[in-house]
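# A structural walkthrough
As a plain string of letters, each chain reads:
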Amino acid sequence: MVVFETISDFKKMVGKELPIGNWYTITQEMITDFANATLDKQWIHVDEARAAKESPFKSTIAHGFMSVAMISKLLEEAFTIKSLKMGLNYGLNKVRFPNAVPVNSQLRMLSKVLDIQPLANNGVKAIFSCTLEIKGQDKPACVAEFLAAFYE
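Okay, so let's go over this structure.

The rules behind the values
- Residues numbered from 1 in each chain as written.
- Predicted model: local features only at pLDDT ≥ 70, side-chain atom pairs only at ≥ 80, totals over all residues.
- Heavy atoms only, no water.
- Salt bridge = Lys/Arg side-chain N within 4 Å of Asp/Glu carboxyl O.
- Helix = DSSP H or I, 4+ residues; strand = E, 2+ residues; numbered from the N terminus.
- Buried < 20%, exposed > 50% of the residue type's maximum accessible area, 1.4 Å probe, protein only.
- Core = buried A, V, L, I, M, F, W, Y, C linked by side-chain atoms within 4.5 Å.
- Contact = heavy atoms within 4.5 Å.
- Phe/Tyr/Trp six-rings, centres within 6.5 Å; stacked < 30°, edge-to-face > 60°.

### Considerations on the pattern of salt bridges
With the rule as written, the count across this model stands at six salt bridges. Where Glu5 meets Lys82, a salt bridge forms, and the shortest distance between an N and an O atom there is 3.3 Å. Of this pair, Glu5 sits in the loop between strand E1 (2-4) and helix H1 (7-10) while Lys82 sits in the loop between strand E3 (79-81) and strand E4 (86-96); the two residues are 77 residues apart in sequence, bridging distant segments of the chain. Given the relative accessible area of 46%, Glu5 is considered partly exposed.

### Looking at the nonpolar core
Formed by 36 residues in total, the largest nonpolar core has its most connected members in Phe10, Phe79, Phe128 and Phe150. Elements that contribute at least two residues to this core include exactly H1, helix H2 (28-38), helix H5 (64-78), E3, strand E5 (106-119), strand E6 (123-134) and strand E7 (142-151). Per-element tally for this core: the top contributor is H5, with seven residues. If sequence neighbours within four positions are ignored, Phe79 has contacts with Met1, Val2, Phe4, Phe10, Leu18, Phe128 and Phe150.

### Considerations on the packing of aromatic side chains
One pass over the structure, following the stated rule, counts eight aromatic pairs. Centroid distance Phe10 to Phe79: 4.8 Å. Interplanar angle 15 degrees. Geometry classified as stacked. One end of the pair, Phe10, is in helix H1; the other, Phe79, is in strand E3, with 69 residues separating them in the sequence. One exposure class covers both Phe10 and Phe79, and it is buried.

Okay, structure coming up:
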């Protein structure tokens, strides 16, 4: 994790990569919890027996949006800004899901600060390039530009 005292210090990261994240195992419990929270209970996510028989992946898979939902947490583990009073998810650009995430796969995130722009009320909008890798796979689970608002 990289620690910054202020947003001004964080602005020096534009164009630079953040630390590589830890691997996280995507369990069936996590997938089921996400299915319940989003009401997306398609069999490929929640029916382990059917997925083992009928799915080309031979197991359940995580929702694509589950990997997107993990981005803000994974960024929190890459850096912190001590002077922040608040951070908000601001949006997403160019989201793609190049590869399925079978249950018990491990994910980690590679991220880079693309830009930091001023916002009202002593804030900034940070734009990150985020790639969620799947351990042992060539193609990532998710590639997205993630936008966050930070306020001092």
